[in-house]
Amino acid sequence: QLQLVESGGGLVQPGGSLRLSCAASGFSLDYYAIGWFRQAPGKEREGVSCISSSGDRTNYADSVKGRFTISRDNAKNTVYLQMNSLKPEDTAVYYCGPAAPVQTTCMTIPSFGSWGQGTQVTVSS
């Protein structure tokens, strides 16, 4: 049902910025809370941020708080992740998927397995 395509990754120097996009294909994003996740080589996928369906609630992992901003434009059927002050440890493949901000965490769907190709973010000098 969910068809999400990530884009916007690339190679950037430490301290640089990137803006990732998560675009819905074939359905409206209006009723879905969406989160960003990332997976670095040799590590498990971790939650980065999430945003409610209306955009009124957001959560961030401690490691990115103050540097990353999640937003959405339902008219464009897209969720964004603005990443500033990037660090080498931010290097990972970034994915988006269903995830709702609940209290201080992002609640995922345990059975969700429709992860796409993601978009590669590499922070290196």
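Residues numbered from 1 in each chain as written. Predicted model: local features only at pLDDT ≥ 70, side-chain atom pairs only at ≥ 80, totals over all residues. Heavy atoms only, no water.

(A) Representation of unusual backbone geometry in the model. If you check the backbone angles, Asn 77 has positive phi at about 60 degrees while not being a glycine. By relative accessible area, which is 15% here, Asn 77 ends up buried. Backbone geometry at Ser 85 places phi at a positive 50 degrees, although glycine is not the residue there. As for its position among the elements, Ser 85 is in the loop between strand E8 (78–83) and strand E9 (92–102). Look at Ser 85 and you get partly exposed, because its relative accessible area is 42%. (Buried < 20%, exposed > 50% of the residue type's maximum accessible area, 1.4 Å probe, protein only. Helix = DSSP H or I, 4+ residues; strand = E, 2+ residues; numbered from the N terminus.)

(B) Highlighting the side chain of Thr 78. Among the structural elements, Thr 78 can be located in strand E8. A polar side-chain atom of Thr 78 sits 2.8 Å from the main-chain carbonyl oxygen of Lys 76. Apart from residues no more than four positions distant in its own chain, Thr 78 is found in contact with Ser 21, Cys 22, Ala 23, Leu 29, Arg 72 and Asp 73. (Polar contact = N/O pair within 3.5 Å; in protein donor to acceptor, adjacent residues only side chain to side chain. Contact = heavy atoms within 4.5 Å.)

(C) Fine view of the pairing of strand E3 (residues 18–24). When you tally the buried positions in E3, you get five out of seven residues, the bulk of the element. Relative to E3, strand E1 (residues 4–7) runs antiparallel, the two being bridged by four bridges. Bridge pairing links Val 5 to Ala 23 in E3. (Pairing = 2+ DSSP bridges.)

(D) Expanded view of the environment of Glu 89. Tracing the backbone shows Glu 89 in the loop between E8 and E9. Owing to a relative accessible area of 55%, Glu 89 belongs among the exposed residues under this scheme. Linking Glu 89 and Phe 37, residues 52 residues apart in sequence, is a C-alpha distance of 14 Å.

(E) Examining the pattern of salt bridges more closely. In total, this model carries three salt bridges according to the counting rule given. Across the salt bridge formed by Asp 90 and Arg 67, the nearest N and O atoms sit 2.7 Å from each other. With Asp 90 in the loop between E8 and E9 and Arg 67 in the loop between strand E6 (58–60) and strand E7 (68–73), this pair connects stretches of sequence that are 23 residues apart. Each member of the pair, Asp 90 as well as Arg 67, is classed as buried. The structure contains a network of salt bridges with shared partners spanning Arg 38, Glu 46, Arg 67 and Asp 90. (Salt bridge = Lys/Arg side-chain N within 4 Å of Asp/Glu carboxyl O.)

(F) Spatial organisation of the state of the cysteines. Scanning the entire structure with this criterion turns up two disulfides. A sulfur-sulfur separation of 1.9 Å characterises the disulfide bridge that pairs Cys 50 with Cys 106. Note on the Cys 50 and Cys 106 pair: the S-S dihedral is about -90 degrees, so by sign convention the disulfide is left-handed. Of the two residues, Cys 50 is situated in strand E5 (residues 46–51) and Cys 106 in strand E10 (residues 105–108); the sequence distance between them amounts to 56 residues. With relative accessibility at 26%, the residue Cys 106 sits in the partly exposed group. Counting its disulfide-bonded cysteines in sequence order, the protein shows a connectivity of 1-3, 2-4. (Disulfide = S-S within 2.5 Å.)

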